[in-house]
Each structure stands twice: as C-alpha cells, then as structure tokens.
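Working through the structure, step by step
Here are the chains, one letter per residue:
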Amino acid sequence: MDSRADPDGGDGHSSPRDVFLRLVNGVCEGPYENLADLYAEQTHVTHPFHPLNPPPLLSRSELHEHFTAPPPFARTLNRKPVNIVIHDTADPEVIVAEFAYQGHVDETGEAFTVPCVFVLRIRDGLIVESRDYIDHIASARAWGQLENLLTALRPSSDGDR
C-alpha cells in the first residue's frame, strides 16, 4: 500500500496517515518539543509489549515530558523510519502501521533495526489512542541499555522470599 501522506482527510484535518508519518519522522528528526502537539489533550498511549509494563501516557503534557526528557544514555541514535506499510481499517479513525526505526549509533557506528507496529486512533487530526508495539529488546540494545533492562527484569532477592 502506498504510504505517502494524504495531506488532508477531506474535513480540514490531517489524515491519520499524515499524522502517523509526522509522528515517526518527528521521532527521528525532531523537533521533539512539537511531537506532543500531534496528540489530543486527553489521550491513551500504551506500550503493551514493554517488558517493564510502564503506565499509559494519558495527556498531551505527559507526552511532552516523554518526548522532551533527555535520554539517560550517552548515545546518539541517527535513525529513520523504513519499510512503512499503513493499513486502513473499517473504522476511518483507525490505522495500523508497520515499520522499523533503522539507523546507527553515532558514537560507535553500530547499526540497528527496531521493528514496530502502531495501532492508532486519530480523531480530528489528533491521536486519541495509540498502542505502540515496539521491539524493546532491539531498542534497549541500540541505546546501549540491554544490561540495564535485563537487570530490571531479574527478580530481586528481597522480593523472592
């Protein structure tokens, strides 16, 4: 399916396809302080496959913090979205987007690919719901945080008694 953006959903709002493309390109290129503007004031963003089960992001302000917080890692990822396939659904507000973030770590030259599937509900040109299925192991590896993730997943000796 053609993944080029339809600039207008026909009602004066950006189409779900266009909003998705602005999101994934913005995650790679910035400006990060504008990414939360793609979301409704009240939204529901989850990462169902995240191994640490973080709470959902429920507001534009939480998403602004999420996107603009400095990463606690000393790595710079040079990445772009690739292999984008956008599936329309019977519900005109919902799309399913398959893609990967692909690139390299500036500091080491290490190449990476992080496969993703996003299920997005976009109403009036804003994301009101998103389920982001990301390969968090590949992401942690790219950020140089795989050991930290594995440590966080190991049961603590105090909690096992």
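Before going into details, it helps to say that this report is about the structure given with it. (Residues numbered from 1 in each chain as written. Predicted model: local features only at pLDDT ≥ 70, side-chain atom pairs only at ≥ 80, totals over all residues. Heavy atoms only, no water.)

Re the nonpolar core
F20, L23, Y39, F99, Y101, F118 and I127 are the most contacted members of the largest nonpolar core, which has 34 residues in total. Sorting the residues of this core by element identifies helix 1 (16-29), strand 1 (39-46), helix 2 (60-68), strand 3 (77-88), strand 4 (94-105), strand 5 (111-123), strand 6 (126-134) and helix 3 (136-142) as the ones contributing at least two each. In terms of residue count, helix 1 provides more of this core than any other element does, seven residues in total. The contacts of Y101, once residues within four sequence positions are left out, are V24, V27, C28, K80, P81, F112, T113, V114, C116 and F118. (Core = buried A, V, L, I, M, F, W, Y, C linked by side-chain atoms within 4.5 Å. Buried < 20%, exposed > 50% of the residue type's maximum accessible area, 1.4 Å probe, protein only. Helix = DSSP H or I, 4+ residues; strand = E, 2+ residues; numbered from the N terminus. Contact = heavy atoms within 4.5 Å.)

With respect to the packing of aromatic side chains
Going through the model one piece at a time under the given rule, you end up with six aromatic pairs. Summarising the aromatic geometry, the rings of F20 and F118 are spaced 6.4 Å apart at their centres and angled 85 degrees between planes, so their arrangement reads as edge-to-face. In this pair, F20 sits in helix 1 while F118 sits in strand 5, placing the two residues 98 residues apart along the sequence. The pair F20 / F118 is uniform in exposure class, with both members buried. Arranged with centres 4.9 Å apart and planes meeting at 65 degrees, the rings of F49 and Y133 form a pair that is edge-to-face. One end of the pair, F49, is in the loop between strand 1 and strand 2 (57-59); the other, Y133, is in strand 6, with 84 residues separating them in the sequence. F49 sits in the exposed class, given a relative accessible area of 59%. Aromatic ring contacts, followed pair by pair, group F20, F99, Y101 and F118 into a single cluster. When the ring centre of Y101 is taken as origin, the NZ or CZ atom of R79, which lies over that ring, is 5.8 Å away. (Phe/Tyr/Trp six-rings, centres within 6.5 Å; stacked < 30°, edge-to-face > 60°. Lys NZ or Arg CZ within 6 Å of the ring centre and 35° of its normal.)

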